[in-house]
Amino acid sequence: QVQLVESGGGLVQGGGSLRLSCAASTSIFNFNSMGWYRQALGKQRDLVASIRSLGRTNYADSVKGRFTISRDNAKNTVYLQMNSLKPEDTAVYYCNADTRFGGYWGQGTQVTVSS
């Protein structure tokens, strides 16, 4: 069982920045990948960014150039640096881990961007 705990969400003005953190209860070194998803009110949950075990990253078109995903294996933590935030980035952001034992989700952290 892997537990994921997100932090760093909050309220920010448009154009501002936030950094989300996702701390895992176990080593993330051998995880296939980790990612951030978001779900706006009344919408489906979509991939924002992912990072594979060897560091290859993938981003949704809507966040390319503004968001950066990174991982610190020593701290068992994945980060999402979000810059130039827009009101349409408002959502609950979820951390996901894809492991050989299955997929795991965090509880989510709310990000609200005011115009």
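For the structure, see preceding data.
Residues numbered from 1 in each chain as written. Predicted model: local features only at pLDDT ≥ 70, side-chain atom pairs only at ≥ 80, totals over all residues. Heavy atoms only, no water.

Q: Any chance you could explain the packing of aromatic side chains here in plain terms?
A: Ring pairs (aromatic) are described by centroid distance and by the angle formed between their planes. Tallied over the entire structure, the rule returns 2 aromatic pairs. Geometrically, the ring pair formed by Tyr37 and Trp105 is edge-to-face, given 5.0 Å between the ring centres and 70° between the ring planes. Of this pair, Tyr37 sits in strand β4 (residues 33-39) while Trp105 sits in strand β10 (residues 102-105), placing them 68 residues apart in sequence. Taking the relative accessible area as the measure of exposure, Tyr37 reaches 22% and is therefore partly exposed. (Phe/Tyr/Trp six-rings, centres within 6.5 Å; stacked < 30°, edge-to-face > 60°. Helix = DSSP H or I, 4+ residues; strand = E, 2+ residues; numbered from the N terminus. Buried < 20%, exposed > 50% of the residue type's maximum accessible area, 1.4 Å probe, protein only.)

Q: Would you explain the pattern of salt bridges in this entry?
A: A side chain with one charge can pair with a side chain of the opposite charge if their charged atoms come near. As enumerated under the stated definition, the model contains 3 salt bridges in all. A salt bridge links Asp89 to Arg38, with the nearest nitrogen and oxygen atoms 2.9 Å apart. With a gap of 51 residues between them, Asp89 in the loop between β8 (77-82) and β9 (91-99) and Arg38 in strand β4 connect regions that are remote in the sequence. Residue Asp89 shares its accessibility class with Arg38, and that shared class is buried. Here Arg66 makes a salt bridge to Asp89, at a shortest N to O gap of 2.8 Å. Taken together, the positions of Arg66 in the loop between β6 (57-59) and β7 (67-72) and Asp89 in the loop between β8 and β9 put the pair 23 residues apart, joining distant regions of the chain. By relative accessible area, Arg66 is classed as buried at 11%. For Asp89, a relative accessible area of 1% translates into the label buried. Three or more residues joined by partner-sharing salt bridges are found here, namely Arg38, Arg66 and Asp89. (Salt bridge = Lys/Arg side-chain N within 4 Å of Asp/Glu carboxyl O.)

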